[in-house]
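Chains, contacts and geometry: an overview
Spelled out, the chains give:
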Amino acid sequence: MAARRRERAQSEVAAARPPVPRVRMTGKERRQQLLDVGRALFAEKGYDAASIEEIAHRAGVSKPVVYEHFGGKEGLYAVVVDREMDLLLEGVISALSGATHPRELLERAATALLDYIEESADGFRILVRDSPVASATGSFSSLLNDIASQVEHILGLQFSSRGYDPKLAGLYAQALVGMVALTGQWWLEVRKPKKEEVAAHLVNLSWKGLSHLDPAPKLRISR
């Protein structure tokens, strides 16, 4: 009942706004426009609060046009999420390719994620929200796992060459990627200090730890 009332209220608000002039576009252009409008609205309001009525209104089309291209709000949202996931993963993997030293890897990974957040803030806001819709690409956590697997491979080689247990590379990769991702979420809102400085501090913390690893660490506290 509450959901129905919310949908009705959204429809009334959308209807009360002056209509946006409709621009003639090709099917491909219209699809891209709807993706852009939907992406901005999902970032601004979240999936639940966004409505087909408002998406159509902002695009200057009728609701059936949105249904024709995406089958509904869920379909549009899933495509937006898949595109953002692909964009972020491709950027990070591309940045990591050719990295042969752990410090270089850390610098590239931190910079690539912060670059994405800076250049695609709306997309990152969508990704870090809990998605209520199944995505072909997976969830944000699965995306971080994909990135961590790239980091794990390089760390594993370095661990073996330095006498550390390579089986622990996965644990360290998850910790490093999680640290950068969580810091990125914080930086998205505050935007201070500058991106390069944030990356430098992340690398400083990570590298100082990695370069002084104890092969067999133990807790000092007693239970």
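Residues numbered from 1 in each chain as written. Predicted model: local features only at pLDDT ≥ 70, side-chain atom pairs only at ≥ 80, totals over all residues. Heavy atoms only, no water.

1. What to know about the nonpolar core
Nonpolar side chains in soluble globular proteins generally cluster together in the buried interior. Ranked by size, the top nonpolar core spans 66 residues in total, and within it Leu34, Phe42, Ile55, Leu88, Ile117, Leu127 and Leu143 carry the most contacts. If one sorts the elements of this core by residue count, helix H5 (residues 73–96) sits on top with 11 residues. In this structure Phe42 touches Tyr47, Ala50, Ile55, Lys73, Leu76, Tyr77, Ile126 and Arg129, once residues within four positions along its chain are discounted. (Core = buried A, V, L, I, M, F, W, Y, C linked by side-chain atoms within 4.5 Å. Buried < 20%, exposed > 50% of the residue type's maximum accessible area, 1.4 Å probe, protein only. Helix = DSSP H or I, 4+ residues; strand = E, 2+ residues; numbered from the N terminus. Contact = heavy atoms within 4.5 Å.)

2. A word on the confidence of the model for the protein
Across the protein, pLDDT averages 86, with 85% of residues at or above 70. The low-confidence segment residues 1–8 (pLDDT under 50) makes 3 contacts with residues lying over four places distant or belonging to another chain. (pLDDT = per-residue confidence, 0-100.)

3. Notes on H5
Between its first and last C-alpha, H5 extends 35 Å over 24 residues, near the 34 Å set by a 1.5 Å rise per residue. Among the residues trailing H5, Gly98 stands out with phi positive, at a value near 90°. (Expected span 1.5 Å × (residues − 1).)

4. Points about empty space enclosed by the protein
Taken as a whole, this structure holds 3 cavities of 30 Å³ or more when the rule is applied. Along its surface, the largest cavity is lined by 17 residues, and Ala109, Ala110, Leu176, Val177 and Val180 are the ones closest to its centre. For the lining of the largest cavity, the per-class residue count stands at 16 nonpolar, 1 polar and no charged. Quantified by volume, the second largest cavity comes out at close to 70 Å³. (1 Å grid on protein atoms, 1.4 Å probe; cavity = no way out; pocket = protein on both sides within 12 Å on 5 of 7 lines; lining within 4 Å. Points joined across faces, edges and corners; volume = space filled by probe spheres on them. Nonpolar A, V, L, I, M, F, W, Y, C, P; charged D, E, K, R; others polar.)

5. So, the packing of aromatic side chains
Counting across every chain of the model gives 7 aromatic pairs. Considering the side-chain rings of Phe159 and Tyr164, the 5.7 Å spacing of their centres and the 75° angle between planes classify their relative orientation as edge-to-face. The exposure class of Tyr164 is buried, given its relative accessible area of 18%. When its relative accessible area of 5% is taken as the criterion, Phe159 is described as buried. The structure contains a cluster of three or more aromatic residues connected by ring pairs, namely Phe42, Tyr47 and Tyr77. Seen from the ring of Tyr47, Lys73 lies directly overhead, with NZ or CZ sitting 4.4 Å from the centre. (Phe/Tyr/Trp six-rings, centres within 6.5 Å; stacked < 30°, edge-to-face > 60°. Lys NZ or Arg CZ within 6 Å of the ring centre and 35° of its normal.)

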